[in-house]
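# Geometric and topological summary
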Amino acid sequence: ALTKYSLWGFVTFLLGLGVLFVTYDLLHIYYYIAVPVSVIANLVAHYTASRLFVFTDTERSVESGLIIFFLIGLAEIIFITGSVTLLVEYTMADVYWTRIGAGVVAAVLGFWANAKFNFKVL
């Protein structure tokens, strides 16, 4: 499950980075708005892929699973956006590198939380 979850996480993470590029670089939206938009796109795609291809034997309905996934995702959005904002504002770090670093930490914690509380496989 971890391998499949990670593979789909990587694919949807690339999608999120693509959304960040479009919103931040092409549309010139401020990074503190573009980052959460990119994380939301990543989470929607990742939940869909996880539900269809990874945690197929979960006893939860799609609706209740989605609610739990997005509560966990909300914590991820706050963590990622907060980390990026702090590092960019106070250390002049690159938006993309901080988004990637914070995203990796959030993904590991998100996998654990979803596997334990949402899909109940841990």
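Structure shown above.
The structure reproduced in this document is the subject of the present report. In this text, all values refer to a predicted model and were calculated from it rather than measured experimentally.

## Description of the packing of helix H2 (residues 31-54) against helix H3 (residues 62-91)
- Their axes nearest at 9 Å, the elements H2 and H3 cross at an angle of 150°. The orientation of H2 with respect to H3, classified from their angle, is roughly antiparallel. Crossing hand, H2 versus H3: right-handed.
- Of the residues contributing to the contact of H2 with H3, the split by class is 17 nonpolar, 5 polar and 3 charged.

## Describing the packing of aromatic side chains
- The tally for this structure, following the rule as stated, stands at 7 aromatic pairs.
- Look at Tyr-47 and Phe-69: their rings are 4.9 Å apart centre to centre, the planes differ by 55°, and that puts the pair in the tilted class. Here Phe-69 lies in helix H3 and Tyr-47 lies in helix H2, a separation of 22 residues in the sequence. Judged on exposure class, the residue Tyr-47 and its partner Phe-69 are both buried.
- Look at Phe-69 and Phe-70: their rings are 6.2 Å apart centre to centre, the planes differ by 80°, and that puts the pair in the edge-to-face class.
- For Phe-69, a relative accessible area of 1% puts it in the buried group.
- By relative accessible area, which is 28% here, Phe-70 ends up partly exposed.
- Connected via pairs of aromatic rings, a cluster forms that spans Tyr-30, Tyr-31 and Tyr-32.

## Considerations on a nonpolar patch on the surface
- Among the surface-exposed residues, Phe-21, Val-22, Leu-26, Leu-27, Ile-29, Tyr-30, Tyr-32, Ile-33 and Val-37 lie close enough to one another that they form a single nonpolar patch of about 840 Å² accessible area.
- Taken together, the elements giving at least two residues each to the nonpolar patch come down to helix H1 (2-26) and H2.
- Take Ile-29: it is sitting in the loop between H1 and H2.
- With relative accessibility at 31%, the residue Ile-29 sits in the partly exposed group.

## What about the side chain of Arg-51?
- Among the secondary structure elements, Arg-51 is positioned in helix H2.
- The charged side chain of Arg-51 is buried without a salt bridge, its nearest counter-charge being Glu-63 at 7.0 Å.

## Side note on unusual backbone geometry
- One non-glycine residue, His-28, adopts positive backbone phi at about 60°.
- Within the secondary structure layout, His-28 lies in the loop between H1 and H2.
- Residue His-28 is classed as exposed on the basis of its relative accessible area of 64%.
- For Met-92, which is not glycine, the phi torsion reads 60° and is therefore positive.
- Considering the arrangement of structural elements, one finds Met-92 in the loop between H3 and helix H4 (95-118).
- Of the residues examined, Met-92 reaches a relative accessible area of 71% and is grouped as exposed.

## Concerning H4
- Looking at H4, one finds that the buried residues are Val-95, Thr-98, Arg-99, Ala-102, Gly-103, Ala-106, Gly-110, Phe-111, Ala-113, Asn-114, Ala-115 and Asn-118.
- Those residues of H4 that are buried lie in contact with H1, H2 and H3.
- Between the side-chain oxygen at the start of H4 and the backbone nitrogen of Tyr-96 there is a gap of 3.0 Å, and the oxygen is on Asp-94.
- Once H4 ends, the next one or two residues include Lys-120, with phi positive near 55°.

Cut-offs used in this document
- Residues numbered from 1 in each chain as written.
- Predicted model: local features only at pLDDT ≥ 70, side-chain atom pairs only at ≥ 80, totals over all residues.
- Heavy atoms only, no water.
- Axes fitted to C-alpha atoms, helices over the stretch in contact; angles between N-to-C directions.
- Helix = DSSP H or I, 4+ residues; strand = E, 2+ residues; numbered from the N terminus.
- Parallel < 35°, antiparallel > 145°, perpendicular 65-115°, else oblique.
- Left-handed = near helix turned anticlockwise from the far one by under 90°.
- Nonpolar A, V, L, I, M, F, W, Y, C, P; charged D, E, K, R; others polar.
- Phe/Tyr/Trp six-rings, centres within 6.5 Å; stacked < 30°, edge-to-face > 60°.
- Buried < 20%, exposed > 50% of the residue type's maximum accessible area, 1.4 Å probe, protein only.
- Patch = residues over 30% accessible without salt bridge, like charges linked within 9 Å, V, L, I, M, F, W, Y side chains within 5 Å.
- Areas by Shrake-Rupley, 256 points an atom, 1.4 Å probe, with all protein chains shown as cover.
- Salt bridge = Lys/Arg side-chain N within 4 Å of Asp/Glu carboxyl O.
- Lys, Arg positive; Asp, Glu negative; His and termini not counted.
- Contact = heavy atoms within 4.5 Å.
- Polar contact = N/O pair within 3.5 Å; in protein donor to acceptor, adjacent residues only side chain to side chain.

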